[in-house]
Amino acid sequence: MICLPTIALCATADQAPTAIAYQLGVGDKIQIDVYDEPDLNVTTTLPESGTISYPFLGDLKITGLTPKQVEQLIGSGLKGSYLIDPKVSVTVLQYRPFYIHGEVKQSGGYPYQPGLSLRKAVSLAGGFTERASQTKITVIREKDNKQKSLLIKLDDLVYPGDTITVEQSFF
């Protein structure tokens, strides 16, 4: 089994990756709410360090954690000394972008949306150019340390931080 840490992507050799739980990364904008404690509510964009400063708890490294894990981390930190039974919720307000270039009409970074397919990503980029190959499309996943290009299909999912390259077709 292969697991890529960006979204806890898991797949066997003959399967496409499926999303199990979204892991936070640099550039995600999140909102942390503690029920009935407005002074503890925080909205922030995760910086390059992956660390946020949270009231009473100090610096917390949260990149690579799921929103649920951040809820548990903050809840356990606040419980006891500060609050009896804190109710913490973490919401992703804006996902980090994905990038698409090559034979599309408008290359660039675009906001990620859950459930985004390659077909939709190409539409966001203005569609294919006349020279685009619809079968030679590769992706480099953000957390793939090997920076290996993977061939993907139009109905495959795109994830935050992906870099997509649409190759030129040779007629």
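Residues numbered from 1 in each chain as written. Predicted model: local features only at pLDDT ≥ 70, side-chain atom pairs only at ≥ 80, totals over all residues. Heavy atoms only, no water.

Peer 1: Which parts of the structure should I look at to understand the pattern of salt bridges?
Peer 2: Oppositely charged side chains can pair when the atoms bearing their charge come close. Per the counting criterion, the structure on display carries five salt bridges. D28 is the partner of R96 in a salt bridge, and the nearest nitrogen-oxygen pair spans 2.7 Å. Here R96 is found in the loop between β8 (88-94) and β9 (98-102), whereas its partner D28 is found in the loop between β3 (18-19) and β4 (29-34), with 68 residues between them in sequence. For the pair R96 and D28, one class covers both residues: buried. Close ionic contact of D162 with R141 constitutes a salt bridge, the shortest N to O distance being 2.2 Å. Residue D162 is found in the loop between β12 (150-151) and β13 (163-168), and its partner R141 is found in the loop between β11 (132-140) and β12; the two are separated by 21 residues along the sequence. Comparing D162 with R141, the two get one shared label, buried. (Salt bridge = Lys/Arg side-chain N within 4 Å of Asp/Glu carboxyl O. Helix = DSSP H or I, 4+ residues; strand = E, 2+ residues; numbered from the N terminus. Buried < 20%, exposed > 50% of the residue type's maximum accessible area, 1.4 Å probe, protein only.)

Peer 1: What exactly am I supposed to notice about the sheet that holds β4 here?
Peer 2: Spatial ordering of the open sheet is given by β5-β4-β8, a layout of three strands whose pairing is antiparallel. Strand pairing shows two members of the sheet lacking a second neighbour, β5 (42-45) and β8, which therefore form its edges. Adjacent strand axes in the sheet meet at a mean angle of 20° when their direction is disregarded. As judged from the six bridges shared by β4 and β8, these two strands associate in the antiparallel manner. Bridge pairing in β8 places Q31 opposite T91. (Pairing = 2+ DSSP bridges. Axes fitted to C-alpha atoms, helices over the stretch in contact; angles between N-to-C directions.)

Peer 1: Help me out: how do you make sense of the sheet that holds strand β10 (residues 108-110) in this one?
Peer 2: Where strands meet in a sheet, backbone hydrogen bonds hold them as pairs that are either parallel or antiparallel. If you walk across this open sheet you meet the five strands as β10-β9-β13-β11-β12, and the pairing is mixed. The open sheet terminates on both sides in strands that have one partner only, identified here as β10 and β12. Pairing analysis gives three bridges linking β9 to β10, with the strands arranged antiparallel. Counterpart to Y99 in the pairing with β10 is G109.

Peer 1: Sorry, what's going on with helix α1 (residues 67-78) here?
Peer 2: Since the α-helix advances by 3.6 residues per turn, residues separated by three or four positions end up pointing in the same direction. A rise of 1.5 Å per residue sets the reference length of α1, with its 12 residues, at 16 Å; its end C-alpha atoms lie 16 Å apart and thus fit the reference within 8%. Buried residues belonging to α1 abut β4, β6 (51-54), β7 (58-61) and β8. Phi turns positive one or two residues past the end of α1, at G80, with a value near 100°. (Expected span 1.5 Å × (residues − 1). Contact = heavy atoms within 4.5 Å.)

Peer 1: Which parts of the structure should I look at to understand the nonpolar core?
Peer 2: Nonpolar side chains tend toward joint burial in soluble globular proteins. F98, I100, L118, I137 and I164 are the most contacted members of the largest nonpolar core, which has 20 residues in total. Put simply, the parts of the chain that give this core at least two residues each are β9, α2 (118-124), β11 and β13. Setting aside residues no more than four positions away along its own chain, I137 makes contact with L118, F128, L150, L151, I152, L154, I164, T165 and V166. Residues L24, L60, I74 and V88 belong to the second largest nonpolar core, which totals 19 residues. (Core = buried A, V, L, I, M, F, W, Y, C linked by side-chain atoms within 4.5 Å.)

Peer 1: Can you help me understand the side chain of T165 in this one?
Peer 2: Within the secondary structure, T165 is located in strand β13. Of the polar contacts made by the side chain of T165, one reaches the side chain of H101; its length is 3.0 Å. (Polar contact = N/O pair within 3.5 Å; in protein donor to acceptor, adjacent residues only side chain to side chain.)

These figures capture arrangement, not role.
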